[in-house]
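# Examination of the molecular architecture
In case you want the letters, here they are:
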Amino acid sequence: MGTKRFSLEGAEALIPVLDLLVEDAAEAGVETIIIGMAHRGRINVLANILKKHFDMIFNEFEDVLDPETSFGSGDVKYHLGYNNRFVTQSGKEVWVTLTPNPSHLEAVNPVVEGRCRARIDRLGHGGDKEVLPLLIHGDAAFAGQGLVAETLNLGALRGYRTGGTVHIIINNQLGFTTSPKDARSTVYCSDVAKMLQVPIFHVNGDDVRSFLGLARLAFEYRQRFGKDAIIDFVCFRRYGHNETDEPAFTQPLMYQKIDRHPGVRKIYQDAVLERGIVTAEQVETIEKLYVDAMEDSYSASKDGQPREVKISSLQGGWSGLRVATEKDFESSVPTAIPRQLVEHLSKRLSEIPSGFNAHKKIRRLLDQRAEMGRDERPIDWGMGESLTFGSLVWENSNVRISGQDSRRGTFSHRHAVILDMDNGDEYVPLQHIKEQQGRFYACDSLLSEAGVLGFEYGYSLESPNTLVIWEAQFGDFANGAQVIIDQFIVSAEQKWKRHSGLVLLLPHGYEGQGPEHSSARLERFLMLCGDLNIQVANVTTPAQYFHLMRRQIKRDFRKPLVVMTPKSLLRHPRAVSRVDDFVLGRFRELLWDPARTRPGEGGPHRPVFGQGVLRPDRQARRGRAVQRGDPASGADLSVPGRPGRGHPEQAPQGPGGLGPGGTGQRRRLAFHRRPLRRVLRRPGAHPPGVPSHVRFPGHRVGAQAPGTAAGGGRKGVGTASAGRHGLRLLKRRLCYGPPRRPGNKHKR
């Protein structure tokens, strides 16, 4: 085929061991096994353990793909996943799934754990005995990748435990071309797992019987004690990193020995022949049947006659959902709730059990939220979020939110879990909305971004009717999870046809808290938008947030959502809503400035689009606040009514060059077929964000250069240090690009 396969030769004992594990798991009552593994041996596992049809495998290698299958068309063959029903020798059945993975080694580990936890939660008490996570690692990756330690650390935490994982390390004593002496500082590649105080077994890969016995022991230990078990399977790699690679360039001595060493198949075949268990004729017959089946499928793929088995990606818990289209993003589905429900929720959310001694400030907060539900005071962000979660669990949907300090909220606005000041008992109001309700679970995560986000992404794959939320402590910290964002969240639907409704809450704001606490890098997410893969939002009112989050569940499709959640807006006196905003309507893609002219009533003189904190901070100026910032929102800007005179302009929240309207975005945004100019409210800043607001007041939220016009007009727009001539050149460059060569008239 001339294509890389990442051969398993030298580690063939993995296949009978996996077969034994599946058999034993089914006999022990396991209903689902979810596997995560990297490249080596993956196609072998697909064919021999998950029984993926040879037709499908060869068609994929020949790029004979059916767009209706669930395997996508945007990835290499040794990244693809599969699932199938495995029938044991005794007739029992177990569902086996191999999770798709990217080339980033070990990134799939937390995804597998999250998928297992979602299934365990659905099964209820004792479900951890019916779901088995099985992770297969490489030796260099297990020792070198930090995600391994993050995933191991998840194992015993109440928000993430899955009842233990069986780990198998394919220890071929090489990492691409790197020897162990350059790849780790420990004796064994498995030493990182010693932090868990769990058994670690080392076995010779040529000794298949010992390997089988240890695999059975590891599984039984996991089932009995609910903890991880690790097998270090010491073997070798017959070829280089792939079949076309020459390994003798970097390991000449090792490969001299490997060339002389028989494979485990030959060793085991000679042993059973010597004992008379099988005859040479039987061995030859078994080999011929297997090879003939592969040759038949390969010939069919070469002849252009694929016999592909179609499997939909929207089955099981995803049945009833569909693939999104561009038209779905032109407007939102109804998400309002009855006024009586607002009153009921506010009453239940503000009650605490008798004898429960909550903190006095929490009691005062709950009293205020009760007043908000009665429309006696405006609803703030924290209460708007509580109504969001409460209304969903009332409707029997589930909500799961996790992150660093997410139970209280980094900025002390959520208080989803209340503690008794006398004994430390916990009370969760959202778990006591009514007798039969959906699940609400909030947990403080370990100090991890990539591991926890990967876990929550995996959870969302198995639970489409749960609002799954990962909240960064500060939006900037999403940098630590960029691999999960890039390789799973924004690309999995295109690569593997795997859908997700995961929500990322990324608190941000230019409030002088330093470069690491002031920008979730909205422009990065806008650059990642393509083929309707994600949604990006920067909402400005509690009601808009309420409708946006409920929309994730109310739609009949799922799409990841990135929300730039606020800091200062949590308690901003203008960032509030009334009860009517929750009981009427839906999420509004365009939110008009209530103090200014509405469409059809004369139109604005110069429309200015803003988002995020700019709306409450600049409600006095002309214009409107745009809620959505992703490319799909381009159609939303062409609204009925007079477009106004002059060019529409955009007032970004961040410094010049950052946020929506950046270089890659200005071309996408249009208003009645006219370019959308960028109005600079702050000086340009180096990444990643704002410095001290004392030393650099021009960067602070709400700061406005002396002499600038609040209405967004041409006069005075810019920075405090820019002269009129320099400002004009700057605006021209932002709107039309760099000037042409001298002598050529610059065309607009």
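The shown structure was predicted, so the numbers you read here are calculated from the model rather than taken from an experiment.

### Some thoughts on helix α4 (residues 108-123)
Between its first and last C-alpha, α4 extends 23 Å over 16 residues, near the 22 Å set by a 1.5 Å rise per residue. Where burial is concerned, most of α4 is hidden: 13 out of the 16 residues are buried. Count one or two residues on from α4 and you reach Gly124, which has phi positive near 90 degrees.

### Examining helix α19 (residues 542-554)
With 13 residues, α19 extends 18 Å from end C-alpha to end C-alpha; this agrees with the ideal 18 Å at 1.5 Å per step. Counting buried residues in α19 gives 12 out of 13 residues, a clear majority hidden from the surface. By the burial criterion, the buried members of α19 are Pro542, Ala543, Gln544, Tyr545, Phe546, His547, Leu548, Met549, Arg550, Arg551, Gln552 and Ile553.

### What to know about the packing of aromatic side chains
Scanning all chains against the criterion turns up 14 aromatic pairs. Every member of this aromatic cluster is reached through a ring pair, and the members are Phe411, Phe474 and Phe477. Over the aromatic face of Tyr459 sits the side chain of Arg400, whose NZ or CZ is 4.8 Å from the ring centroid.

### Re the packing of α4 against helix α6 (residues 146-154)
A pair of packed helices can be characterised by two numbers: the angle between their axes and the separation between those axes. Contact geometry for α4 and α6: axes closest at 9 Å, N-to-C directions at 20 degrees. Classified by the angle their axes make, α4 and α6 are roughly parallel. Remark: the crossing between α4 and α6 carries left-handed chirality. When α4 is examined against α6, the residues Asn109, Pro110 and Glu113 are found in contact with a partner set consisting of Leu147, Val148, Thr151 and Leu154.

### Overview of the nonpolar core
Counting residues in hydrophobic clusters, the biggest one holds 47 residues, and the most contacted among them are Leu453, Ile489 and Leu506. If you list the elements that add at least two residues to this core, you get α4, β4 (131-138), α6, α15 (450-462), β12 (466-471), α16 (482-489), α17 (492-496) and α18 (522-528). Of the residues forming this core, the biggest block, 7 residues, is contributed by α15. The contact partners of Leu453, leaving out residues within four places of it in the chain, are Trp470, Ala481, Ile484, Ile485, Ile489, Leu502 and Leu504.

### Focus on the confidence of the model for the protein chain
Averaged over the protein chain, the pLDDT score is 83; the fraction of residues at 70 or greater is 76%. The low-confidence segment residues 620-626, where pLDDT is below 50, has 39 contacts with residues more than four positions distant or belonging to other chains. Below a pLDDT of 50 lies the segment residues 663-674, which in the model reaches 31 contacts outside its immediate sequence neighbourhood of four places, other chains included.

### Things to note about the packing of helix α10 (residues 264-274) against helix α11 (residues 280-302)
Taken N-terminus to C-terminus, the directions of α10 and α11 make an angle of 140 degrees; their axes are 10 Å apart at the nearest point. Contacts between α10 and α11 pair Arg265, Gln269 and Leu273 from the former with Ala280, Val283 and Glu287 from the latter. Of the residues contributing to the contact of α10 with α11, the split by class is 3 nonpolar, 1 polar and 2 charged.

Basis of the calculations
Residues numbered from 1 in each chain as written. Predicted model: local features only at pLDDT ≥ 70, side-chain atom pairs only at ≥ 80, totals over all residues. Heavy atoms only, no water. Helix = DSSP H or I, 4+ residues; strand = E, 2+ residues; numbered from the N terminus. Expected span 1.5 Å × (residues − 1). Buried < 20%, exposed > 50% of the residue type's maximum accessible area, 1.4 Å probe, protein only. Phe/Tyr/Trp six-rings, centres within 6.5 Å; stacked < 30°, edge-to-face > 60°. Lys NZ or Arg CZ within 6 Å of the ring centre and 35° of its normal. Axes fitted to C-alpha atoms, helices over the stretch in contact; angles between N-to-C directions. Parallel < 35°, antiparallel > 145°, perpendicular 65-115°, else oblique. Left-handed = near helix turned anticlockwise from the far one by under 90°. Contact = heavy atoms within 4.5 Å. Core = buried A, V, L, I, M, F, W, Y, C linked by side-chain atoms within 4.5 Å. pLDDT = per-residue confidence, 0-100. Nonpolar A, V, L, I, M, F, W, Y, C, P; charged D, E, K, R; others polar.

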